[in-house]
Amino acid sequence: FQPGRLFKLYYLRFIRLKGDPRTIARGAAIGTFFGTTPTIPFHTVSLLVCAPLLRGNMVAAFIMSVLMCNPLTYVPQYYFAWLIGNKLTPYDLSWARISSVLDILRAHAGFEKSLHAISQLGFDAVIVMLVGGVVLAIPFAIVAYFGTLRFFLALQKKSAKRHILN
């Protein structure tokens, strides 16, 4: 496993995306948003539903989701979602409850076991984590949209200039 190589692969796939820069940027924002929320078992389903509905590029959404939520990032994401959710909701979710679920998710126990572990947390935990995750995800998605849009508009301009010279 070589993280640098994997990152380079995703980067190359991302910059080679074709299409309208706004569509790609919407896809990147959607992927960033769902990749940042603490909903690991539902990321793919969420992307499959929301990217077409919001007219975002599906490949960009998946690439950004994977970059945002991977074994190096999901523990800090869950941690910050928990902190933010505990501050913004009337509930007090203990770290011990969160940690037990994270252990199951880290073990890659499968969808059914992961879903069961999450369901054992209870409604208050779901509210805390979702509110915290959404609040955490919004600024990342906004930055992803405008950063990706700017990047692909610049690529498009560079490509047009190259075609004029040829």
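Refer to the preceding data block for the structure.
Draft legend 1. Structural view of the nonpolar core. Ranked by size, the top nonpolar core spans 16 residues in total, and within it Tyr78, Leu93, Ile98, Val101 and Met129 carry the most contacts. Taken together, the elements giving at least two residues each to this core come down to α5 (74-88), α6 (95-106), α7 (111-119) and α8 (123-165). Discounting chain neighbours no more than four positions away, the residues touching tyrosine 78 are Pro38, Thr39, Ile40, Leu102, Leu105 and Met129.

Draft legend 2. Broad picture of the packing of α5 against α6. Between α5 and α6, the least distance of the axes is 12 Å, while the angle of their chain directions is 155°. When the interaxial angle is binned, α5 and α6 end up roughly antiparallel. Considering only the axes of α5 and α6, their crossing is right-handed. Taken together, the residues of α6 that come into contact with α5 (itself represented by Tyr74, Val75, Tyr78, Tyr79 and Trp82) are Trp95, Ile98, Leu102, Leu105 and Arg106. Along the lines of polarity and charge, the residues of the contact of α5 with α6 split into nine nonpolar, no polar and one charged.

Draft legend 3. Expanded view of the packing of aromatic side chains. This model, assessed by the stated rule, comprises eight aromatic pairs. Residues tryptophan 82 and tryptophan 95 carry aromatic rings whose centres are separated by 5.0 Å and whose planes lie at 55° to one another, so their mutual orientation is tilted. Of this pair, tryptophan 82 sits in helix α5 while tryptophan 95 sits in helix α6; the two residues are 13 residues apart in sequence, bridging distant segments of the chain. Accessibility expressed as a relative area gives 32% for tryptophan 95, which makes it partly exposed. Consider the rings of phenylalanine 151 and phenylalanine 152, whose centres lie 5.2 Å apart with planes at 85°: the pair is edge-to-face.

Reading guide: rules and limits
- Residues numbered from 1 in each chain as written.
- Predicted model: local features only at pLDDT ≥ 70, side-chain atom pairs only at ≥ 80, totals over all residues.
- Heavy atoms only, no water.
- Core = buried A, V, L, I, M, F, W, Y, C linked by side-chain atoms within 4.5 Å.
- Buried < 20%, exposed > 50% of the residue type's maximum accessible area, 1.4 Å probe, protein only.
- Helix = DSSP H or I, 4+ residues; strand = E, 2+ residues; numbered from the N terminus.
- Contact = heavy atoms within 4.5 Å.
- Axes fitted to C-alpha atoms, helices over the stretch in contact; angles between N-to-C directions.
- Parallel < 35°, antiparallel > 145°, perpendicular 65-115°, else oblique.
- Left-handed = near helix turned anticlockwise from the far one by under 90°.
- Nonpolar A, V, L, I, M, F, W, Y, C, P; charged D, E, K, R; others polar.
- Phe/Tyr/Trp six-rings, centres within 6.5 Å; stacked < 30°, edge-to-face > 60°.

Any functional reading would require information beyond the geometric quantities listed.
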